[in-house]
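Given next are the chains, with one letter for each unit.
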Amino acid sequence: MMTANTTNQSSSDNITPAGNTNPASEAGHTSQTSSASSVSKESPATSISQATTTGHTSQTNQAARTAADKPKIVFDCDPGLDDAIAILTAAYFCDIVGITTVNGNVGIDYTTHNALAVAQIAALDVEVHRGASRPLIAPTIDAARVHGATGLGDAKLPSLTRTVASNDAVGYICDTARSVDELHLVAVGPLTNLALALRRDPDLPKHLQSITIMGGSARIGNVTPVAEFNAWADPEAAAIVFKEAAPVTMVGLDVTRQILFGMTEVDRIREAATPTALFAASLVAYAYEQSLQRGLSAAPIHDAVAVITVTHPHLFTISAHPVTVELQGETTRGMTVVDLRPRKRIESETRPASDSSSGNTSPDNPDSNVVWEARSETVRNLILEAVTTL
Ligand code: BDR
Ligand code: CA
């Protein structure tokens, strides 16, 4: 069921993939408008003004906001073209308490170097903590094919004047969750650091305001027919997170593919002509070229959408379902299986655990908040506003 937050979309909001109706409603679920309670224990977005869908910028006037108005986040990432845009987006709309890095799009040396470089280019006063250099169990396989050999396409990076604050991202996440009130964790790479943090401190979720991940898909994948890169790159870690960090907000390909960037957006970013904007334009231009080569018409900037989900949840349609990460399947490993059956049916249709052929894992899994639809033009304008104004 489409809800109020999607009814007044402009036509250019409707760039969803073919057949992208909300399967939650097909399954008889009431898909909720993203209310504060559906996204976080106490949404930060209640203090953020509604963006308009007109004009080049959304006029949210973030510059005038004090850090106290902005959600405090730890940003776990593997930069990565879209991770870098997401850092800039977060720097504008959030109070980034710290950045942690993880192996993913490229190796940990590159992702850490890139996080430091992004912070330096945008003059961000933020610590960077280096994290896991490999997945828990899975072999290390990168996405350099998409992001370029060093992870940031062909962007020209400055010589680093910054160094990491520590080599212990996991310890940093655990400590910061306990010492900073109302902290949101946003993870946009493979979930290795977060899984290790949950192993170290099973109470971690109690100390976080919300956990939002860019990862997974309820429908088609981007590295296999059914698996999305971040879930697929470390599926054991993703399985731990969905099971032990509930409720996680899953910003998967279902929604991130609705917010697309092409040369019009690259030109708009370039027009701002600041060093940060020129850097961002080169990243989006590279992502766009890569997307064309892969048969897409424009580039999704996945990770930045996860940031906007935290800061502007009213722009998204979200509903709660158990999510199970497939670990065994020959062709489905890394798939995030979203159980769209109503909870009552999940319970009544579950076969006993002793039935090894059942494949019924959902009843053990708590609900996650699955993000389905976005007011895409508004979300894209917010990302543009961030990278051109920061
Ligand atoms: C995700 O995979 C990575 O390549 C991107 O940075 C994003 O986090 C999209 O599937
Ligand atoms: Ca990423």
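Residues numbered from 1 in each chain as written. Chains lettered and ligands numbered in written order. Predicted model: local features only at pLDDT ≥ 70, side-chain atom pairs only at ≥ 80, totals over all residues.

### Focus on the confidence of the model for the protein chain
As a reminder, the rule being used: Here pLDDT means the predictor's own confidence in every residue, given as a number from 0 to 100. Here the contact rule is simple: place C-beta atoms from the backbone, and any two residues whose C-beta atoms are within 7 Å are in contact.
For the protein chain, the mean per-residue pLDDT works out to 85, and 79% of the residues sit at or above 70. Contacts from residues 1–59, a stretch scored under 50 in pLDDT, to residues over four places away or in other chains number 113 contacts.

### Regarding the site of ligand 1
Applicable threshold: To decide whether a residue is near a molecule or strand, its C-beta atom is placed from the backbone and checked for lying within 6 Å of it. Counting from the N terminus, the helices are DSSP H or I runs at least four residues long and the strands are E runs at least two residues long. In the scheme used here, Gly and all other residues not listed as nonpolar or charged are polar, with Ala, Val, Leu, Ile, Met, Phe, Trp, Tyr, Cys and Pro taken as nonpolar and Asp, Glu, Lys and Arg as charged.
The full set close to ligand 1 counts 15 residues, and G80, D82, A143, F229 and H302 are the nearest of them. Mapped onto the shell around ligand 1, the elements with two or more residues apiece are helix 4 (81–93), helix 9 (229–233) and helix 14 (302–311). Of the residues in the shell around ligand 1, the class split is five nonpolar, six polar and four charged.

### Concerning the environment of I259
Selection criterion: Exposure in this text rests on C-beta crowding, where 20 or more other C-beta atoms within 10 Å of a residue's own make it buried, 12 or fewer make it exposed, and counts in between make it partly exposed. The C-beta atoms are placed from the backbone.
Residue placement: I259 occurs in the loop between helix 11 (253–256) and strand 8 (260–261). Classification of I259 by C-beta neighbours within 10 Å gives buried; the count is 26. In this structure the C-alpha to C-alpha distance between I259 and A304, which are 45 residues apart in sequence, comes to 9.8 Å. Once residues lying within four places of it in the same chain are set aside, the contact partners of I259 are P300, I301, V305, A374, S376, V379 and R380.

### Some thoughts on the packing of helix 7 (residues 169–179) against helix 8 (residues 192–200)
As a reminder, the rule being used: Axes here refer to lines fitted to C-alpha atoms; in helices the fit is confined to the stretch in contact. Angles between the N-to-C directions go from 0 to 180 degrees. Working rule for angles: under 35 degrees goes down as roughly parallel, over 145 as roughly antiparallel, 65 to 115 as roughly perpendicular, anything else as oblique. Helix crossings are classified by the rotation of the near helix relative to the far one: an anticlockwise turn of less than a right angle makes the crossing left-handed, while a clockwise turn makes it right-handed.
Two elements in contact, helix 7 and helix 8, have axes whose closest approach is 9 Å; the angle formed by their N-to-C orientations is 60 degrees. When the axes of helix 7 and helix 8 are compared, the pair comes out oblique. Two packed elements cross with a definite hand, and for helix 7 against helix 8 that hand is right-handed. Between helix 7, through A169, V170, I173 and C174, and helix 8, the contact on the second element is made entirely by N193, L196, A197 and R200.

### Here we look at unusual backbone geometry
With an omega of -10 degrees, the peptide bond between P79 and G80 qualifies as cis. Mapped onto the secondary structure, G80 falls in the loop between strand 2 (72–77) and helix 4. The residue after A246, namely P247, is reached through a cis peptide bond having omega -5 degrees. Here E182, not a glycine, exhibits a phi torsion of approximately 55 degrees, which is positive. With respect to the secondary-structure elements, E182 resides in the loop between helix 7 and strand 5 (183–187). A tally of 13 C-beta atoms within 10 Å means that E182 is categorised as partly exposed. For A273, which is not a glycine, the phi torsion comes out positive at approximately 60 degrees. With respect to the element layout, A273 can be found in the loop between helix 12 (263–272) and helix 13 (275–293).

### Remarks on the packing of helix 12 against helix 16 (residues 376–389)
Describing two packed helices takes the angle between their axes plus the distance from one axis to the other. Running from amino to carboxyl end, helix 12 crosses helix 16 at an angle of 30 degrees, the nearest separation of the two axes being 8 Å. Classified by the interaxial angle, the pair formed by helix 12 and helix 16 is roughly parallel. Seen from above, helix 12 lies across helix 16 with right-handed handedness. From helix 12, E265, R268, I269 and A272 reach across to helix 16, where they touch L384, V387 and T388. Looking at the contact of helix 12 with helix 16 residue by residue, the classes come out as four nonpolar, one polar and two charged.

### Describing the pairing of strand 2
Regular strands place side chains that alternate from one sheet face to the opposite one. This is how it is decided: When DSSP finds at least two bridges between two strands, those strands are taken to pair.
Buried residues dominate strand 2, accounting for five of its six residues. Here strand 2 pairs with strand 3 (residues 95–101) via six bridges, running parallel. For D76, the partnering residue across the bridge sits in strand 3 and is T100. Bridge count for strand 2 against strand 5 is five bridges, and the pairing is parallel. Counted as the bridge partner of D76 is A187 from strand 5.

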